[in-house]
Amino acid sequence: MATESVTVDNPYGLQALWAQGDFIAKGVLILLALMSAYSWFIIFTKWWEQRRLLKQAAEAEKNFWAADNIKNGVNKLTGKGNIFKAIASEAIDSAEHHDSRMTQQVPLHEWIDNVIARGVARIGSALTTQLPFLATTGSTAPFIGLFGTVWGIYHALVGLSGATQVVLDKVAGPVGEALIMTAIGLAVAVPAVMGYNWLIRRNKSAMERVRAFSGDVHNVLLAGKR
């Protein structure tokens, strides 16, 4: 006796959510998908920036301080947008042209310190750019998913209103929305929060390397030694 193969559509899956959901349910799903995609984009791009910075820090430690003087050390730093080269170059320029500027009334050590501090602050600001989006996603995505859940339950209740008996086919789709939206919101929020905390810790480590290098450059320009 032959057995018939019966295909049963899953009323609680993403396909049913998209097929049976209204514009609000689809809008919530699209919003969560965009938030997730952009969060992962930020995580990977910021990781790459941090990786490049730490690589430049290792190069500076190896090559810059091995030079016989600070100018030759700057020439040994390679790579486009090398922040350590930029900091050292700005510090050297501020020291050499201090007397020829209106800033000559400012003590040399204060002027160099201010120039270096501005460079370090600029780097710190660049590293933290877009990270607030991860924090915002982590805090709001669960509530957006919960809104989708509430809307799905509302749809289920609307499907039951006026009916003399409960028909599963009429409520399966809305119930599927209610079950899956919260899970999607959490799936978007958790990587965003973990990525935010991870990047913040790596930023702290990277900025410690930058501040240490900047302090050494400051000491070399003023005292002639690291």
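What you see is a predicted model, and the numbers here were worked out from it, not measured in a lab.

## Digging into the overall build of the protein chain
Phase 1 of the analysis: What the protein chain contains, in helices and strands, is seven helices and zero strands.
Phase 2 of the analysis: Beginning at the N terminus, the succession of helices and strands in the protein chain can be written as α-α-α-α-α-α-α.
Phase 3 of the analysis: Summarising the internal contacts of the protein chain: among those between residues at least 6 apart in sequence, 77% fall at separations of at least 24.
Phase 4 of the analysis: Entry remark: accessible area of the protein chain is about 13600 Å², with carbon and sulfur atoms responsible for 62%.

## Concerning the packing of helix α2 (residues 23–64) against helix α4 (residues 83–96)
Phase 1 of the analysis: Running from N to C, α2 and α4 point in directions that differ by 55°, and their axes come no closer than 8 Å. With respect to α4, the element α2 is oriented oblique. Only Ile83, Phe84 and Ala88 of α4 make contact with α2, whose side of the interface consists of Leu53, Gln56, Ala57, Ala60 and Phe64.
Phase 2 of the analysis: Of the residues that constitute the contact of α2 with α4, the class distribution is seven nonpolar, one polar and no charged.

## Observations concerning the packing of aromatic side chains
Phase 1 of the analysis: Counted according to the given criterion, the structure contains nine aromatic pairs.
Phase 2 of the analysis: Centroid distance Phe64 to Trp65: 4.7 Å. Interplanar angle 90°. Geometry classified as edge-to-face.
Phase 3 of the analysis: Taken together, Phe64, Trp65, Phe84 and Phe213 form an aromatic cluster joined through their ring pairs.

## Comments concerning the packing of α4 against helix α5 (residues 108–128)
Phase 1 of the analysis: Packing of α4 against α5 brings their axes to within 9 Å, and their N-to-C directions diverge by 155°. Taken together, the axis directions place α4 and α5 in an arrangement best described as roughly antiparallel. Where α4 crosses over α5, the two elements pack in a sense that is right-handed. Across the interface between the two elements, Ile83, Ile87, Glu90, Ala91, Ser94 and Ala95 of α4 pack against Leu108, Trp111, Ile112, Val115, Ile116, Gly119, Val120, Arg122 and Ile123 of α5.

## Topic: the pattern of salt bridges
Phase 1 of the analysis: Within the structure shown, the criterion is met by two salt bridges.
Phase 2 of the analysis: Taking the shortest distance from any N to any O, the salt bridge between Glu49 and Lys46 comes out at 3.3 Å. Taken as a pair, Glu49 and Lys46 lie in helix α2 at a separation of three residues, close to a single helical turn.
Phase 3 of the analysis: Judged by relative accessible area, Glu49 falls into the partly exposed class, the value being 27%.
Phase 4 of the analysis: The salt bridge partner of Glu90 is Arg122, with a shortest N-O separation of 3.0 Å. Here Arg122 lies in helix α5 and Glu90 lies in helix α4, a separation of 32 residues in the sequence.
Phase 5 of the analysis: Glu90 sits in the partly exposed class, given a relative accessible area of 30%.

## With respect to the side chain of Gln50
Phase 1 of the analysis: Topologically, Gln50 is positioned in helix α2.
Phase 2 of the analysis: Residue class for Gln50 comes out buried when judged on its relative accessible area of 1%.
Phase 3 of the analysis: Side-chain polar atoms of Gln50 contact the side chain of Arg202, separated by 2.7 Å.
Phase 4 of the analysis: In contact with Gln50, other than residues within four places in its own chain, are Leu127, Leu199, Arg202 and Asn203.

## Some points on unusual backbone geometry
Phase 1 of the analysis: Not every positive phi belongs to a glycine, and Gln130 is a case in point at roughly 75°.
Phase 2 of the analysis: Inspection of the secondary structure puts Gln130 in the loop between α5 and α6 (131–160).

## Overview of the confidence of the model for the protein chain
Phase 1 of the analysis: Of the residues in the protein chain, 77% reach a pLDDT of 70 or more, and the chain-wide mean stands at 80.
Phase 2 of the analysis: Averaged over each element, pLDDT in the protein chain is lowest for helix α1 (residues 14–20) (62) and highest for α2 (90).
Phase 3 of the analysis: This model gives residues 1–8 a pLDDT under 50, and the stretch forms zero contacts once residues within four places in sequence are excluded.

Cut-offs applied
Residues numbered from 1 in each chain as written. Predicted model: local features only at pLDDT ≥ 70, side-chain atom pairs only at ≥ 80, totals over all residues. Heavy atoms only, no water. Helix = DSSP H or I, 4+ residues; strand = E, 2+ residues; numbered from the N terminus. Contact = heavy atoms within 4.5 Å. Areas by Shrake-Rupley, 256 points an atom, 1.4 Å probe, with all protein chains shown as cover. Axes fitted to C-alpha atoms, helices over the stretch in contact; angles between N-to-C directions. Parallel < 35°, antiparallel > 145°, perpendicular 65-115°, else oblique. Nonpolar A, V, L, I, M, F, W, Y, C, P; charged D, E, K, R; others polar. Phe/Tyr/Trp six-rings, centres within 6.5 Å; stacked < 30°, edge-to-face > 60°. Left-handed = near helix turned anticlockwise from the far one by under 90°. Salt bridge = Lys/Arg side-chain N within 4 Å of Asp/Glu carboxyl O. Buried < 20%, exposed > 50% of the residue type's maximum accessible area, 1.4 Å probe, protein only. Polar contact = N/O pair within 3.5 Å; in protein donor to acceptor, adjacent residues only side chain to side chain. pLDDT = per-residue confidence, 0-100.

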